[in-house]
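Inside the fold
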Amino acid sequence: MAQMIYRVPLFGWMLREAIYGPTTAKVLFVVNLLLLWLLAIVTFGYPAIILPALAAVPTMFVVLLLITKG
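A short tour of the structure in this document, coming up. Please read all numbers here as calculations on a predicted model, not as lab measurements. (Residues numbered from 1 in each chain as written. Predicted model: local features only at pLDDT ≥ 70, side-chain atom pairs only at ≥ 80, totals over all residues. Heavy atoms only, no water.)

Another point: the packing of helix H3 (residues 23-44) against helix H4 (residues 46-69). The angle between the axes and the distance between the axes are what describe a pair of packed helices. H4 packs onto H3 with a crossing angle of 130° between their chain directions and a minimal axis gap of 6 Å. Classified by the angle between their axes, H3 and H4 sit oblique to one another. Packed against H3, whose contacting residues are Trp37, Ala40, Ile41 and Phe44, the element H4 presents Tyr46, Pro47, Ala48, Ile49 and Pro52 at the interface. In terms of residue class, the contact of H3 with H4 is made up of 9 nonpolar, no polar and no charged. (Axes fitted to C-alpha atoms, helices over the stretch in contact; angles between N-to-C directions. Helix = DSSP H or I, 4+ residues; strand = E, 2+ residues; numbered from the N terminus. Parallel < 35°, antiparallel > 145°, perpendicular 65-115°, else oblique. Contact = heavy atoms within 4.5 Å. Nonpolar A, V, L, I, M, F, W, Y, C, P; charged D, E, K, R; others polar.)

Here is the structure:
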């Protein structure tokens, strides 16, 4: 599955460098993701800010359940 994702143009090589590359590549990958999010905010406005928060709700719900489970 990972090999298939790595073959996606423009995103696969960045992801492979972020996982296996040096620290600089990891930092630049995070910077690219933040800039992509900023571009989405400039393009689409308020929904681009709200959708990641709504996507994080199920994840945080599972984290809270795992914390309370002990």
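All right, on to a nonpolar patch on the surface then. On the surface, Val8, Phe11, Leu33, Leu36 and Leu39 cluster together into a nonpolar patch covering about 450 Å² of accessible area. Assignment of secondary structure puts Leu36 in helix H3. (Patch = residues over 30% accessible without salt bridge, like charges linked within 9 Å, V, L, I, M, F, W, Y side chains within 5 Å. Areas by Shrake-Rupley, 256 points an atom, 1.4 Å probe, with all protein chains shown as cover. Salt bridge = Lys/Arg side-chain N within 4 Å of Asp/Glu carboxyl O.)

Nothing here speaks to function; it is all geometry.
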